[in-house]
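Chain by chain, the residues:
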Amino acid sequence: MTVFPLAALLFDLDGTLVDTAPDLADAANHMLTSLGRPVCDEATVSGWIGDGVPRLIKRALTGERFGEPDAALFARAQALYDAYYETHVADRSRLYPGVAQTLADLRADGFRMACVTNKAGRFARPLLGALGIAGYFDVVLCGDELARAKPDPLPLVTACERLGVIRDGAVLVGDSGNDMRAAKAAGMPALAVTYGYHHGADLVALGAAAMTPTFDGIRNFLRFEGRFLCAQALP
Ligand SMILES: O=C(O)COP(=O)(O)O
Ligand SMILES: [Mg+2]
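Notes on the structure follow. On a predicted model such as this, the values are computed, not experimentally measured, just so you know.

For the rest of this paragraph, the subject is the overall build of the protein. Counting secondary structure elements, the protein contains 8 helices and 11 strands. Computed over C-alpha atoms, the radius of gyration of the protein comes to 17 Å, within 12% of the 18 Å expected from 2.2 N^0.38 for 235 residues, which places it in the range of a compact globule. The buried share among the 235 residues of the protein stands at 50%. Long-range contacts, defined as pairs at least 24 residues apart, comprise 64% of the intrachain contacts of the protein with a sequence gap of at least 6. Side chains of the protein carry 22 positive and 27 negative charges; the gap between the two charge centres is 3 Å.

This is the structure:
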């Protein structure tokens, strides 16, 4: 069993705290329809989440994971997407089961908490507010607010600095390979939720200390006065 001193928890947003795929898909389909292109189903759009909205738009336009569309087309598409998503960011997006109660419990336990997302601040901050969980976070760091986003460790390192905790005094809770890679590069343990947008990635192979199929399951690894206990991966 590994035991880490622990003071802070960093949470990813899309796919960890909030199922954002419905509104991201609606915005993608508004954009595609406006451009005279065929719409996509929500499962397809789910597979595009994780590297920020600009990359999601490029995926929708090119059908490739890291394709680069024509610059003028991208600019037009981004304007359509952003204008729609900004006003529909919480229409159908919902907290995953147990998120609000677990954040309240963790706050009562005394943890300092941050939300570290690749989502731009103009979307992420109103979303956290609309779903009633903004107040749980001492720090919110969004994908367009630093020089580099996850999987770079910079957002996690910066969150720890702003929280006033050392890196190995924090645990990241995330759903994707980007989260696991960022945590590994930052030298902090990571817990993976299995229900999010991981695109079939092997999160344990990417460095997850443990996996949980439910958000409240993270509390199985957080015990008593700031200790993080990682016994073994849950099924
Ligand atoms: O905006 C995205 O694509 C992903 O955001 P996340 O880092 O909160 O998962
Ligand atoms: Mg995520």
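Now that the structure is up, let's keep going.
What follows covers the site of ligand 1. Close contacts around ligand 1 come from Asp12, Leu13, Asp14, Ile49, Gly50, Asp51, Gly52, Thr117, Asn118, Lys119 and Lys150, and that covers them all. Contacts to ligand 1 include aspartate 14, whose backbone N or O atom sits 2.8 Å from an oxygen atom. Interatomic distance of 2.8 Å between a backbone N/O atom of glycine 52 and an oxygen atom of ligand 1. Taking 280 Å² as the accessible area of ligand 1 by itself, protein coverage stands at 97%. When residues of the shell around ligand 1 are assigned to domains, at least three map to each of domain 1 (2-19 + 96-230) and domain 2 (21-87).

Here the structure, examined in full by the defined rule, presents 2 cavities of 30 Å³ or more. By volume, the largest cavity is sized at about 180 Å³. As for the largest cavity, its lining consists of 18 residues, and the residues nearest its centre are Asp14, Ile49, Gly50, Asp51 and Gly52. Taken together, the residues that form the lining of the largest cavity break down as 6 nonpolar, 5 polar and 7 charged. If you count residues domain by domain, the lining of the largest cavity takes at least three from each of domain 1 (2-19 + 96-230) and domain 2 (21-87). Each pocket or cavity is described by its volume, and for the second largest cavity that value is around 40 Å³. Split into classes, the residues belonging to the lining of the second largest cavity amount to 6 nonpolar, 3 polar and 1 charged.

Moving on, we come to the sheet that holds strand β6 (residues 139-141). The strands making up a sheet associate through backbone hydrogen bonding, with each pair oriented either parallel or antiparallel. Taken together, 6 strands build an open sheet; the order of strands is β6-β5-β2-β7-β8-β9 and the sheet is parallel. Each edge of the open sheet is held by one strand with a lone partner, namely β6 and β9 (210-212). Looking at each pair of strands side by side, their axes are set apart by 20° on average, direction ignored. Here 3 bridges tie strand β5 (residues 112-116) to β6, and the two strands are oriented parallel to one another. Bridging from a neighbouring strand, alanine 114 pairs with valine 139 of β6. Here helix α7 (residues 154-163) sits on the sheet in contact with β2 (8-11), β5, β6 and β7 (170-174), set at roughly 150° to β5.

What counts and how
- The written sequence of each chain sets the order in which its residues are numbered from 1.
- For naming, the first written chain is A and the first written ligand is 1, with later ones following in the order written.
- With pLDDT at 70 or above as the cut-off, local features in this predicted model cover only qualifying residues; side-chain atom pairs require 80 or more to be listed or tallied, and sums for whole chains, interfaces and linings still use all residues.
- Hydrogens and water are ignored here; the side-chain numbers use all heavy atoms of the structure.
- Only DSSP runs of H or I reaching four residues or more are called helices, and only runs of E reaching two or more are called strands; each is numbered from the N terminus.
- Throughout, radius of gyration means the C-alpha value; the globule benchmark is 2.2 Å times the number of residues raised to the power 0.38.
- Buried residues are those whose accessible area, probed at 1.4 Å on protein chains only, stays under 20% of the maximum for their type, while exposed residues exceed 50% and partly exposed ones sit between those limits.
- Contacts are residue-level and defined by heavy atoms, with any inter-residue pair within 4.5 Å sufficient.
- Neither His nor the chain ends is counted toward charge; the positive residues are Lys and Arg and the negative residues Asp and Glu.
- Where a charge lies is defined by one atom per residue type: Lys uses NZ, Arg uses CZ, Asp uses CG and Glu uses CD.
- For each residue, the test is whether any non-hydrogen atom lies within 4 Å of the molecule or strand; if one does, the residue is near.
- We call two N or O atoms a polar contact when they sit within 3.5 Å, provided that within protein one can donate a hydrogen and the other can accept it, with sequence-adjacent residues counted only if both atoms are side-chain atoms.
- Calculation of accessible area relied on Shrake-Rupley with a 1.4 Å probe; when residues are assessed, cover is drawn exclusively from the protein chains displayed.
- Domain start and stop points were drawn from an automatic or database domain assignment.
- Two kinds of site are reported from a 1 Å grid over the protein atoms alone, namely cavities, where a 1.4 Å probe fits but cannot get out, and pockets, open sets with protein on both sides within 12 Å along at least five of seven lines, and residues are called lining when an atom falls within 4 Å of a point.
- Grid points are joined across faces, edges and corners, and a volume is the space filled by probe spheres set on the points.
- The residue classification treats Ala, Val, Leu, Ile, Met, Phe, Trp, Tyr, Cys and Pro as nonpolar and Asp, Glu, Lys and Arg as charged. All others, Gly included, are polar.
- Should DSSP find at least two bridges between two strands, the strands are regarded as paired.
- Interaxial angle, 0 to 180 degrees, is taken between N-to-C directions of lines fitted to C-alpha atoms, where a helix line uses only the stretch in contact.

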